[in-house]
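# What the coordinates show
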Amino acid sequence: MRYVPDIIPAEHKIRPDYFKGGPPITATENVIRKVLYVAAFIAGAFFMMGGIGLLLTGQFLAGVFLWLSGLMVFPMGFGIIQSQFRAPIPGWLRFVFAFLLLVIAAIVSK
C-alpha cells in the first residue's frame, strides 16, 4: 500500500496537529532530565526518611507532613499520587505542594 498525503481535507480533520511531533530532545536536555530525576529521587528519599524519623521520635504531625512532602518529590511516589487524579498535575504545582508541606512540617515541629 502507498501512503497518500492529505487524503482527508484540512477542514474535516478532527485533530490536525495531534500527530505532529515537537522538536527533538538534544543530548544536553536528556542529561539534565536524568540529573533532575536522580536529584528528585535522593531528595524524596531524604524527606521520607526524615518524616519516618520524626514519627518515631513522637512528633507525629511533623513526621506525616515531612513524609508527604517527600512523597510529592519522590518520582515514583508522585506517580502514585497522580494516578489517583483524572488530569495530569504539572511539575511546578507538585513542587509548590511539596514546599507548602515542608513549611507546615517546620511550623508544626516547633
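Scope of this entry: the structure provided in the associated data block.

Rules used in this analysis
Residues numbered from 1 in each chain as written. Predicted model: local features only at pLDDT ≥ 70, side-chain atom pairs only at ≥ 80, totals over all residues. Heavy atoms only, no water. Helix = DSSP H or I, 4+ residues; strand = E, 2+ residues; numbered from the N terminus. Buried < 20%, exposed > 50% of the residue type's maximum accessible area, 1.4 Å probe, protein only. Areas by Shrake-Rupley, 256 points an atom, 1.4 Å probe, with all protein chains shown as cover. Arc of directions from axis to C-beta. Contact = heavy atoms within 4.5 Å. Phe/Tyr/Trp six-rings, centres within 6.5 Å; stacked < 30°, edge-to-face > 60°. Axes fitted to C-alpha atoms, helices over the stretch in contact; angles between N-to-C directions. Parallel < 35°, antiparallel > 145°, perpendicular 65-115°, else oblique. Left-handed = near helix turned anticlockwise from the far one by under 90°. Nonpolar A, V, L, I, M, F, W, Y, C, P; charged D, E, K, R; others polar.

## Some details on the overall build of the protein
- Across its full length, the protein carries four helices and zero strands.
- The linear arrangement of helices and strands in the protein, starting from the amino end, is α-α-α-α.
- When each of the 110 residues of the protein is scored for burial, the buried share is 19%.
- Summed over all atoms, the accessible surface of the protein reaches about 8,900 Å², with 73% contributed by carbon and sulfur.

## Some thoughts on helix α3 (residues 75–84)
- Buried within α3 are the following residues: P75, G77 and F78. Across the axial projection of α3, the buried residues extend over an arc of 155°, all falling on one side. Exposed residues on α3 whose side chains face more than 90 degrees from its buried face are I80 and Q84.
- Here the buried face of α3 lies against α1 (27–57), α2 (60–73) and α4 (91–108).

## What to know about the packing of aromatic side chains
- For the coordinates displayed, the defined rule picks out two aromatic pairs.
- For the ring pair F41 and F74, a centre distance of 4.8 Å and an interplane angle of 35° mean the geometry is tilted. Pair noted here: F41 is in helix α1 and F74 is in the loop between α2 and α3, with a separation of 33 residues, a long-range link.
- The class for F74 is buried, based on a relative accessible area of 17%.
- Ring geometry for F46 against F47: centres 6.0 Å apart, planes inclined by 55°, an arrangement best described as tilted.
- Overall, the relative accessible area of 22% leaves F47 in the partly exposed class.

## A closer look at the side chain of S69
- Within the fold, S69 resides in helix α2.
- Excluding residues within four positions of it along the chain, S69 makes contact with F47, A98, L101 and L102.

## Quick notes on the packing of α2 against α4
- Between α2 and α4, whose axes approach to 8 Å, the crossing angle comes to 165°. Considering the angle they form, α2 stands roughly antiparallel to α4. For the element pair α2 and α4, the recorded crossing hand is left-handed. The segment α2 lies against α4, with L61, A62, F65, L66, L68, S69, M72 and V73 engaging R94, F95, F97, A98, L101, L102, I104, A105 and V108.
- In terms of residue class, the contact of α2 with α4 is made up of 15 nonpolar, one polar and one charged.

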